Protein chains: 2
Amino acid sequence: MTPSTPNNGPTGDRAQRRRTTIHDVALSAGVSASAVSKVIRSAAGVSPQMRERVTQTIADLNYRPHAGARGMRGTSFTVGVMVTDFSSPFHPEVAEGISNQLDQTPFQEIVVRGGVDPSRQRRSIEALFDRQVDGLIVIAPWTPQEWLEDLGREIPTVVVARHGAPRHFDTVVSDDNLGARLMVDHLVSQGHTRIALTSQPSGGLRGQYVLSHTERERGYEEAMRARSLQPQIVRTTYSEEGGYRAARDLLDRSNRPTAIFAGADIAALGVLRAVEEAGLRVPDEVAVAGYDDIAVAGISRVGLTTIDQSARETGETSARLLLERIEGRVDPVRYVMRPQLRERATTIKQR
Amino acid sequence: MTPSTPNNGPTGDRAQRRRTTIHDVALSAGVSASAVSKVIRSAAGVSPQMRERVTQTIADLNYRPHAGARGMRGTSFTVGVMVTDFSSPFHPEVAEGISNQLDQTPFQEIVVRGGVDPSRQRRSIEALFDRQVDGLIVIAPWTPQEWLEDLGREIPTVVVARHGAPRHFDTVVSDDNLGARLMVDHLVSQGHTRIALTSQPSGGLRGQYVLSHTERERGYEEAMRARSLQPQIVRTTYSEEGGYRAARDLLDRSNRPTAIFAGADIAALGVLRAVEEAGLRVPDEVAVAGYDDIAVAGISRVGLTTIDQSARETGETSARLLLERIEGRVDPVRYVMRPQLRERATTIKQR
DNA sequence: CTGAAAGCGCTTACAG
DNA sequence: CTGAAAGCGCTTACAG
């Protein structure tokens, strides 16, 4: 029942007040529950008078259909979203885009945190599945491809930040190979030859079905080798701490890189910390770049050179594709976002 | 049904495969559904053999109870969380704490975005309510106090970042008055007298039931007046853009402040941008401070002086309190976090 | 200890 | 067009 209706029960007790149900509406309007259901769903087969009366009663009683109960038979109007982390910026920005897109629809997003462990992610996705969502948007899952294909067969699914050509779900992904190459090109144009990359472990994913960071590695390696430069990759995690550790490792080496390309902005922030702690000037002694163009990268004080992969637009597109699937589309769609270089102070030497 | 079971249906079709239900388990184990239910819930009144056999069958069939269906009669093991934004850092960090705390329990959090408009927030909270959550954690709601009290009477509820002594829900809140005073003290100790504050509108909330930012305003005003200093408050929003606009406004004034205290770190980042764009040096010409101690504040490049209000611990505490309420506690608990000053480069002049 | 029946709040065929 | 009945997957009394 709507909390806006005052409750006069005894203080301190939890109200036992019943929720207003479809039957209350039916009774009050003097029609059947089926009729009310049809009106709610804007289904065919109700007379204008019926519709009118029911609509009025719904308003009078301040009735809201119980999304959970609806989901047991039909649609719950709920979209489940898995992010690996709430506190790293990129995934939440994608979620924001999803939420924006869904705002125009009767659908509601619910977001859960999956972490980076495949089995925990799997439990999180199942937790959504068990809460009768109508569809799923999964960001950067490390779970096996077959498992995702099975999932996509059971429920409309869109996967973000994972490459390949799946058969039973859609993907929205940045052209990470191109993005990495753009960054290498940029760093080379600034005179660098010892360019290192911080990445994450592939999580056992290989071939075409890899997560964004692995594809960025490939793009980086290809671009380096095309110039006969030696790739230097350190794999930690996409986090401030992970970037910090990777940078510490790199800065200790004898052939210290003059540029560190972090696979994610959040890691680049940790790289910056390590570089500055080491008493090295950015960008004069070590240039630093990231990937994602999270909000903080553009702050003047940070001025992080990075690749914009349009987190919000990624979210909006995922939501749009998912709704199409919920409406019945089964052919897989692969949506590729075009990455854009954002040159800022951490790589551009002032003269 | 578990996506891990391979599906051999025709390619391109959505599987019509049935979910494994409690009845499948009952049938397979040769017992009643009630018995299976008791085992799942660890309820009393099952023989060891029964328990054994059912447990085995559940494992064999890879059965997971349907959280949605459970919620229709009993507990859904789901906790709903409302944040105003996914992309501003503070609320997601609180959500991270909630998720951490719940990780040890059978409960699962689901997070929705409520925005800053009270009616949209209300719809978001109702959306959670309608998805049979067992309890609610609401971060910084602008909705009227009576509405929240009614909500708390209907469902276990914890409200974060809102002051006052409610009767039907718990609160977890920083001592914002103290936090603001700590910051004014610090800025005064650095020699400032023209100290401005960026805040947000109170949203019509007054008296004791105000959101954190309004209480910070009060603490700031009291601290300023106690020193016979003139308060200067600009109200925009807690966002990078909001901080930027507030700072632009302040910097244009004839009695330009020498220190700007942003009510939230995210706004402080915008203040920094405005100050630097204006060609003023931080902290020599304008000192800048924030509130929250979000992760990025501690990055060397940012070095933002701020107040740590322990977002993660706030989340963990909220989750703990909520579980107590779900278990039956009805007396309201008010948990006050003690704020701590973090002095960094944006206010400390180097010599 | 065990299980058949009713019911949570909806929607879906299916009669009328 | 309208509504009675069955059912979604569980849990909750209530018999036995």
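Since the structure is predicted, the reported quantities are computational estimates derived from the model, not experimental observations. (Residues numbered from 1 in each chain as written. Chains lettered and ligands numbered in written order. Predicted model: local features only at pLDDT ≥ 70, side-chain atom pairs only at ≥ 80, totals over all residues. Heavy atoms only, no water.)

Novice: Please clarify how empty space enclosed by the protein should be interpreted in this entry.
Specialist: Over the atoms, a rolling probe the size of a water molecule traces out where space has been left empty. Applying the stated criterion to the full structure yields 6 cavities of 30 Å³ or more. For the largest cavity, the calculated volume is near 300 Å³. Lining the largest cavity are 26 residues; nearest its centre among them are A:Pro89, A:Ile294, A:Val296, B:Pro89 and B:Val296. Broken down by secondary-structure element, the contributors of at least two residues to the lining of the largest cavity are helix H5 (90-102) and helix H11 (265-277) of chain A together with helix H5 (90-102) and helix H11 (265-277) of chain B. (1 Å grid on protein atoms, 1.4 Å probe; cavity = no way out; pocket = protein on both sides within 12 Å on 5 of 7 lines; lining within 4 Å. Points joined across faces, edges and corners; volume = space filled by probe spheres on them. Helix = DSSP H or I, 4+ residues; strand = E, 2+ residues; numbered from the N terminus.)

Novice: Looking at this structure, I do not really get the sheet that holds strand S7 (residues 232-235) of chain A. What am I missing?
Specialist: The strands that make up a sheet pair up through hydrogen bonds in the backbone, lying either parallel or antiparallel. Residue and element names in this part refer to chain A. In spatial order, the strands read S7-S6-S8-S9; together these 4 strands make up an open sheet with parallel pairing. Lying at the two open borders of the sheet, with one neighbouring strand each, are S7 and strand S9 (287-289). Neighbour-to-neighbour, the strand axes of this sheet turn through a mean angle of 20 degrees, independent of strand direction. Sheet topology places strand S6 (residues 195-199) next to S7; 4 bridges connect them, and they run parallel. Residue Leu197 lies in a different strand from S7, and its bridge partner there is Ile233. Against the sheet, helix H10 (residues 240-251) contacts S6, S7 and strand S8 (259-262), and its axis sits at roughly 140 degrees relative to S7. (Pairing = 2+ DSSP bridges. Axes fitted to C-alpha atoms, helices over the stretch in contact; angles between N-to-C directions. Contact = heavy atoms within 4.5 Å.)

Novice: Explain the pattern of salt bridges to me, please; I cannot follow it from the model alone.
Specialist: Oppositely charged side chains can form a pair if their charged atoms are brought close together. Overall, the coordinates contain 52 salt bridges over all chains when judged by the stated rule. Taking the shortest distance from any N to any O, the salt bridge between A:Arg216 and A:Asp176 comes out at 2.8 Å. Taken as a pair, A:Arg216 in helix H9 (residues 212-226) and A:Asp176 in helix H8 (residues 176-189) lie far apart in primary sequence, 40 residues in all. When its relative accessible area of 0% is taken as the criterion, A:Asp176 is described as buried. The shortest N-O distance in the salt bridge between B:Glu276 and A:Arg301 comes to 3.0 Å. (Salt bridge = Lys/Arg side-chain N within 4 Å of Asp/Glu carboxyl O. Buried < 20%, exposed > 50% of the residue type's maximum accessible area, 1.4 Å probe, protein only.)

Novice: Can you walk me through the protein's contact with DNA strand D in this structure?
Specialist: Taken together, 26 residues sit near DNA strand D, with A:Ser34, B:Ile22, B:Ser37, B:Tyr63 and B:Arg70 positioned nearest. Here the atoms of DNA strand D within 4 Å of the protein split so that 62% fall in sugar or phosphate, with bases taking the remainder. With respect to DNA strand D, the side chain of A:Lys38 contributes an N or O atom lying 3.1 Å from a base oxygen. Note that a phosphate oxygen of DNA strand D is positioned 3.0 Å from one of the side-chain N or O atoms of B:Arg41. (Near = heavy atom within 4 Å. Polar contact = N/O pair within 3.5 Å; in protein donor to acceptor, adjacent residues only side chain to side chain.)

Novice: Sorry, what's going on with the side chain of A:Arg216 here?
Specialist: Judged by its relative accessible area of 3%, A:Arg216 is buried. Only 2.6 Å separates the side chain of A:Arg216 from the backbone oxygen of A:Gly263, close enough to count as a polar contact.

Novice: Honestly, the relation of the copies chain B and chain A in this entry has me stumped. Any pointers?
Specialist: Two copies of a chain can be linked by a rotation about an axis combined with a shift along that same axis. Relative to chain A, chain B is turned by 180 degrees and slid 0.0 Å along the rotation axis, the superposed coordinates differing by an RMSD of 0.1 Å. What the superposition gives is, in effect, a two-fold axis relating one chain to the other. Rotation axis and chain B: the residue whose C-alpha lies nearest the axis is B:Val111, separated from it by 2.4 Å. The overlap is high: 100% of the interface residues of chain B also sit at the interface in chain A, so the same surface is used on both sides. (Least-squares fit on C-alpha atoms with pLDDT ≥ 70 in both.)

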